Amino acid sequence: MDVCIVAEGEWPAKTGGLSTWTNHVLGALRELEVGVVTVPSSSDLRYAVPSHVVVHRGFAGPLPRAKRYLASGLEAAEFVAAQAPAAQLVYVEHGDLVREVRSLGATEGGVYVPPFARDRAARDAADRRRRMVRHASMVVGVTRRTCRRALREGARAVCHVPNAVPPSLRAQRSKAIGFVGRCTRGKGIDRFLRLAERVDLPAMVTGLDLEASARLRPARVRWNLDAVDPWADCPGVIVMPSRLEASPFVALEAEARGIPVLLSDVADLDESALIQRRAWSLQGWAADAMRLALCPDVGSGAAHERWHRFETQWRGIAGGRQA
């Protein structure tokens, strides 16, 4: 096959950021023969498998033969490195595992690390990442921070390919504020609930992984957990007060539907007519959320431009060329 994607995130059985990335890269590589080594844990698949893709279930067996391997995440890259030449390995880094462990006590994928083990886990992750950055033929970072760090750590080649989603039909927005994503402290669900008390508009949460801090569900917030389609309801603004973020798909999916986004400044994502980044402040965010929820529809070509760049770059990388 032309390229094999070794993916964390359990695509096509589960949703989430890493599965979303896999699905969109497969869309960009629709003219190539692609294999995906993944770990579907359910026969009830959340994504359709395209005709140009073969899914190889499980990490236990040897890698299928391919001209190039795209390893999504550190563990996937280590799995490939043990079996394939370094010249064929592209290491894709989605965030900063070291910051995730130290700041939140959990990985971006939600793996909990107890307090007594965090320093050691962070040091171990930093050492493993540094070795992989130097070993792989190329490091692809979805954030500029990742790319700068990879260059400092001695990467042979670095390419910045920010996340993107295919443009969608514009949605009919309601006059409400909304939260979409994992209901965790790292994603700022507690901040959103405080904001909902301040804003004189309906509030809705469409989420996963409800943390204890959110289990006392305020009556004035409408909850929709484990939704099949998180975009069935379209609020006037998506509010993302995250404490740690990389290049979030939720913001891009909202932008593609014409929904304004109020995004924490910790995210490494370019602003647009619809995406606005702010440092967290309850009072300031309340005013901004009200303004954006009630603003008229704003046309934006940013989603089309992002997706075109995403497709072009990934086709070049999968074909053995630096985009």
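Scroll up to find the structure.
Overview of the structure. (Residues numbered from 1 in each chain as written. Predicted model: local features only at pLDDT ≥ 70, side-chain atom pairs only at ≥ 80, totals over all residues. Heavy atoms only, no water.)

### Side note on the packing of aromatic side chains
Counted according to the given criterion, the structure contains 4 aromatic pairs. Judged by centre distance (5.2 Å) and plane angle (20 degrees), the ring pair of Trp 307 and Phe 310 falls under stacked. On the criterion of helical spacing, the pair formed by Trp 307 and Phe 310 is a turn pair, its members being 3 residues apart in helix α9 (residues 302–318). Under the relative-accessibility criterion, Phe 310 is labelled buried at 1%. (Phe/Tyr/Trp six-rings, centres within 6.5 Å; stacked < 30°, edge-to-face > 60°. Helix = DSSP H or I, 4+ residues; strand = E, 2+ residues; numbered from the N terminus. Buried < 20%, exposed > 50% of the residue type's maximum accessible area, 1.4 Å probe, protein only.)

### Section: the pattern of salt bridges
For the structure shown, the criterion picks out 19 salt bridges. The salt bridge involving Glu 93 is made with Arg 129; its shortest N-O contact spans 3.9 Å. Within this pair, whereas Glu 93 is found in strand β5 (residues 89–93), its partner Arg 129 is found in helix α4 (residues 118–135), the two being separated by 36 residues in sequence. Of the two residues, Glu 93 and Arg 129, neither departs from the other in class, the shared state being buried. Between Asp 233 and Arg 222 there is a salt bridge, with its nearest N and O atoms 3.1 Å apart. Of this pair, Asp 233 sits in the loop between β10 (221–225) and β11 (237–240) while Arg 222 sits in strand β10, and the two are 11 residues apart along the sequence. For Asp 233, a relative accessible area of 28% puts it in the partly exposed group. (Salt bridge = Lys/Arg side-chain N within 4 Å of Asp/Glu carboxyl O.)

### Thoughts on the sheet that holds strand β7 (residues 158–160)
The sheet built from 7 strands is open, its strands ordered β3-β2-β1-β4-β5-β6-β7 with parallel pairing. Of all strands in the sheet, those with a lone pairing partner are β3 (53–57) and β7, marking the two edges. Within this sheet the neighbouring strands show an average axis-to-axis angle of 20 degrees, counted without direction. Where strand β1 (residues 3–7) lies against strand β2 (residues 34–38), 4 bridges are found, and the strand directions are parallel. Following the sheet pairing, Val 6 is matched in β2 by Val 37. Against the sheet, α4 engages β5 and β6 (138–141), with an angle of about 140 degrees to β5. Where helix α5 (residues 144–152) meets the sheet, its contacts fall on β5, β6 and β7, and the angle it forms with β7 comes to roughly 170 degrees. (Pairing = 2+ DSSP bridges. Axes fitted to C-alpha atoms, helices over the stretch in contact; angles between N-to-C directions. Contact = heavy atoms within 4.5 Å.)

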